[in-house]
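Fold and contact review
Letter by letter, the chains look like this.
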Amino acid sequence: MEENFEELRGEFRALGDEPPKDVAVLEECLSVAQMMRLSAEEFCNKWTSYALEKKKSGAPETSVDVSLFRQHLLSLSERKQREQQSTDLVQPMDFASEDTPFMTTDDFFNLQNYGVPEIPISMAKKKNETETSRGNLGGGTSAEIHRGSAVIHKLLGERRESDDTWVSRTDRGQVEVEHVFSDPPGGAETYDSVVPTHIVKSSLEGRGDDQQYMFDEIPDMLENTRERVRRCESAFYRHLKAKNLLIEDIRAGPEAFCQASPDPVLAVGRIRIELERGSNTDGVQPRNRINAKSTLLESDEGNIVKLDLEQVSSGVALAPGMVVAVEGVNADGRKISVSGLHDDTYQLGSGPGKELPNDLMETSEGSGLVKTVVATGPFTTTESVAFKPLDDLLAQVRIAKPAVVVLIGPFIPEAKSPALDKVKAKILPEELFTEVFLPKVRECLESLADDGVSAKCFLVPHLDDSFSDFVVPQPPLDLSNAGDLGYSTAMGNIELLTNPSFINVGAGRGVNIGLTSLSILEDLSAECMILGPVEDRISALCTALVKQRSFYPLYPPSANVPIDTHGLQRLEFPAEQDLDIMIVPSRLKNFAKKVHRNVVCVNPGSICKYDRSGTYAEIVVDLNNSTDRVRRVSVIHV
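Throughout what follows, the structure given in this document is the object of discussion. (Residues numbered from 1 in each chain as written. Predicted model: local features only at pLDDT ≥ 70, side-chain atom pairs only at ≥ 80, totals over all residues. Heavy atoms only, no water.)

1. Concerning the packing of helix α1 (residues 2-14) against helix α2 (residues 23-35)
Put simply, the test is: To define axes, lines are fitted to C-alpha atoms, for helices over the stretch in contact only, and angles between the resulting N-to-C directions are given on a 0 to 180 degree scale. Numbering of helices and strands runs from the N terminus; a helix is a DSSP stretch of H or I covering at least four residues, while a strand is a stretch of E covering at least two. When an angle is under 35 degrees it counts as roughly parallel; over 145 it counts as roughly antiparallel; between 65 and 115 it counts as roughly perpendicular; any other value is oblique. Two residues qualify as a contact provided that any one of their heavy atoms is within 4.5 Å of a heavy atom in the partner residue.
Packing of α1 against α2 brings their axes to within 10 Å, and their N-to-C directions diverge by 90 degrees. Classed by the angle they form, the pair α1 and α2 counts as roughly perpendicular. Seen from α1, the contacting residues are Asn 4, Phe 5, Leu 8 and Arg 9; seen from α2, they are Val 23, Leu 26, Glu 27, Cys 29, Leu 30 and Gln 34.

Below is the structure:
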């Protein structure tokens, strides 16, 4: 028993948390772990995710905390069992059975009698007949969009209990929390209705032959990961010298990693851990977690040295893959006793600034206040395909009248859903998207145009989308099989973005917004180590992303993130522009926090959770305020 206690205590300490002091609490933790068949590491990881969602910090302190956590795990287990019990729509037929009727030639043309689903009509279309370019959707030729097949309308007309649950909710339109970052002047606020927008940086311009995921060779992967270290090394040295942050005659370069000397050294490299192996997926040996005694630093040439971080107390988050510069003494040639750690690569990429298009060089002629709505999918409940959450969201968008609308996937999730599976058996997911989802968005933009608001809508794909490329960086949604989208002004205001993407909103310098659908906060929280005191864990994670100038600095990545190492640089922030807002969707509790260099990080939450109401974010930016670009962020229930 005591051995099990020590294992639990060790895992909590590895996460940077002080283990429970009460033995009774430890006994209950061990009991829950045994009941749910969890290892000590799995138990502590699940507790960390639960604590972040509930805005708790540290290990469980009382028996009540453990009891609530046990109920949470049981609820998740029951939900998983219900999903596993749902049967497939079409059961495969055992043609080897004696009960199977003989299939004649005529029967071959009526395969549905034998349990074979109808082939989607669109699959028989030739691709060149329905080819549609990505990016701006206003390039079609038809006068109207093809509105829904009979199959879609029949399925949309089916009434389900989840629809009643959704309609009967009581928190519709309520502001859950409002984060104010600058005091507004007196008087009523007026918002600009026409705002220029510009894509600052796209992580991937269309589909190209340079996507190498699953075809990367190990030497290429090593070279691609070390290229970022190579770019940062000289910049780190110049910056620290210019700021007089380095000791005179400090040694740098390869000798800092391997030559024993009592003199101070400067070493730049990416963080690694000892005995990297396995993955976090079931059935594979779990990967070791980072801690103060297992941290390594790898140079751009592959030299590796161990780090002694006992003297570091600057409140920094470290995770495998991050690029840092360390100062210290390498007395034995194998370990650097670190006295100073520099993880801020943000200023290293700052350049003279990229010249913007002419329409963005002008100053704002209106009030300078721009309203932006950001919402994350899924956009329909798990038991319905009626997209009622999307309808309610767009109804609130019509009332708010924002100049920019950002919708982040998944739009048609790949996750198992009886309602969606029934639709996918009849039509392609991209047809459901273009015949149901896009027309709803188009009608909303047309309604805003009638009210004098020329709104721009940006769509960011998700790895869980049924018709998106499963690779990071992720290209825009592929609608080549969806048919003719038609032409309209509203459709021309819908932009398909890559994942991640960076846009500029407003005249003049405008406001730079970084967008992604990657679950980087959850992955980073599971893999990082925080040294020294921090305000809160979420702020520390967001600060780490800003300092690393990357939407996914973690490497090796999570098992669910298919990184193409050739595109690592495309995950970084644009070097010529400063970031103002970073959208980082997550299953964690929604938030809006101002972190390093006044970057406001926002998790809007998802607009629906199973059949329950979720949240979205309404962001008001002030183009005329040179210091506090973001006035407020409101998290609102759909």
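2. Structural notes on the packing of aromatic side chains
Keep this limit in mind: Stacked, tilted and edge-to-face pairs are distinguished by plane angle, under 30 degrees for stacked and over 60 for edge-to-face with tilted covering the rest, among Phe, Tyr and Trp rings (Trp via its six-membered ring) whose centres lie within 6.5 Å. Partly exposed describes any residue whose relative accessible area lies between the buried limit of under 20% and the exposed limit of over 50%, with all areas from a 1.4 Å probe on protein chains only and scaled to the type maximum.
Per the counting criterion, the structure on display carries 14 aromatic pairs. Look at Phe 43 and Phe 69: their rings are 5.4 Å apart centre to centre, the planes differ by 80 degrees, and that puts the pair in the edge-to-face class. Of this pair, Phe 43 sits in helix α3 (residues 40-53) while Phe 69 is found in helix α4 (residues 63-85), placing the two residues 26 residues apart along the sequence. Judged by relative accessible area, Phe 69 falls into the buried class, the value being 1%. Taken together, the ring pairs connect Phe 379, Phe 387, Phe 411, Phe 433, Phe 437 and Phe 467 into an aromatic cluster.

3. Considerations on the sheet that holds strand β11 (residues 404-408)
Inclusion rule: Should DSSP find at least two bridges between two strands, the strands are regarded as paired.
Strand order in the open sheet formed by seven strands is β1-β23-β22-β10-β11-β12-β13, and the pairing between neighbours is mixed. Looking at the sheet topology across the chains shown, the edges are occupied by β1 (175-180) and β13 (494-496). Here the strands of the sheet are splayed against their neighbours by 15 degrees on average, with no regard to which way each runs. With seven bridges joining them, strand β22 (residues 615-622) and strand β23 (residues 630-637) adopt antiparallel strand pairing. In the sheet register, Val 621 faces β23, and the bridge partner there is Val 630.

4. Brief notes about the state of the cysteines
The following threshold applies: When two cysteine sulfur atoms lie within 2.5 Å, the pair is treated as a disulfide.
Across all of its chains, the model carries zero disulfides by this definition. The thiol of Cys 542 is unpaired, and the distance to the nearest cysteine sulfur, on Cys 601, comes to 4.0 Å.

5. Quick look at the packing of α1 against α3
What counts is decided by this rule: Note on convention: near helix rotated counterclockwise from far helix by under a right angle means a left-handed crossing. Clockwise means right-handed. When residues are grouped by polarity, Ala, Val, Leu, Ile, Met, Phe, Trp, Tyr, Cys and Pro land in nonpolar, Asp, Glu, Lys and Arg in charged, and all others, Gly among them, in polar.
Closest axis-to-axis distance for the α1/α3 pair is 9 Å, and the angle between their directions is 45 degrees. For the element pair α1 / α3, the angle class is oblique. Considering how the two elements wind past one another, α1 and α3 form a crossing that is right-handed. Of the residues in α3, those in contact with Glu 7, Leu 8, Glu 11 and Phe 12 of α1 are Ala 40, Glu 41, Phe 43, Cys 44 and Trp 47. Looking at the contact of α1 with α3 residue by residue, the classes come out as six nonpolar, no polar and three charged.

6. What about the environment of Asp 183?
Position of Asp 183 among the secondary structure elements: in the loop between β1 and β2 (197-202). The spacing of Asp 183 and Arg 632 is 449 residues in sequence and 8.9 Å in space, taken between C-alpha atoms.

7. A short note on the nonpolar core
Applied cut-off: Here, nonpolar core means buried Ala, Val, Leu, Ile, Met, Phe, Trp, Tyr and Cys residues that are tied together by side-chain atoms lying within 4.5 Å of each other.
Within the largest apolar cluster, 43 residues are counted, with the highest numbers of intra-cluster contacts made by Phe 379, Leu 393, Leu 407, Phe 433, Phe 437 and Leu 459. Of all elements in the fold, only β10 (369-376), α11 (388-400), β11, α12 (418-424), α13 (429-450), β12 (456-460), α14 (489-492) and β13 reach the threshold of two or more residues within this core. For this core, the element with the highest residue contribution is α13, accounting for nine residues. Ignoring sequence-local partners within four residues, the contact set of Leu 407 consists of Ala 375, Phe 379, Leu 393, Phe 437, Val 441, Cys 457, Phe 458, Leu 459 and Val 460. Counting residues in hydrophobic clusters, the runner-up holds 35 residues, among them Val 200, Leu 541, Cys 542 and Tyr 552.

8. Topic: the pairing of strand β9 (residues 335-342)
In this structure, strand β6 (residues 304-308) lies alongside β9, joined through three bridges in parallel fashion. The partner of Asp 308 across the bridge, within β9, is Ser 337. Bridge count for strand β8 (residues 323-329) against β9 is five bridges, and the pairing is antiparallel. Across the sheet, the residue bridging to Val 329 is Ser 337, located in β9. Remark: five residues form the turn of the hairpin made by β8 and β9, two consecutive strands paired antiparallel; Gly 333 in that turn has positive phi of roughly 80 degrees.

9. Let's talk about the pairing of β8
The side chains of a regular strand alternate between the sheet's two faces. Counting buried positions over the seven residues of β8 gives six, a clear majority of the element. Pairing of strand β4 (residues 264-273) with β8, which is carried by seven bridges, proceeds in the antiparallel orientation. Bridge pairing links Arg 270 to Val 323 in β8.

10. Remarks on the pattern of salt bridges
In plain terms, the rule: Salt bridge, as applied in this entry: a Lys or Arg side-chain nitrogen positioned within 4 Å of an Asp or Glu carboxyl oxygen.
Taken as a whole and assessed by the stated rule, the structure comprises 24 salt bridges. Between Glu 298 and Arg 226 there is a salt bridge, with its nearest N and O atoms 3.0 Å apart. Residue Glu 298 is located in strand β5 (residues 295-298), and its partner Arg 226 is located in helix α8 (residues 218-242); the two are separated by 72 residues in the primary sequence. Residue class for Glu 298 comes out buried when judged on its relative accessible area of 2%. A salt bridge links Arg 230 to Glu 227; the shortest N-O distance between them is 2.8 Å. Of this pair, Arg 230 and Glu 227 are both found in helix α8, three residues apart, which corresponds to roughly one turn of the helix. Judged by relative accessible area, which is 31%, Arg 230 ranks as partly exposed. Salt bridges sharing common partners tie together Glu 178, Glu 189, Asp 622, Arg 631 and Arg 632.

Fair warning: the whole summary comes from geometry, so function is off the table for now.
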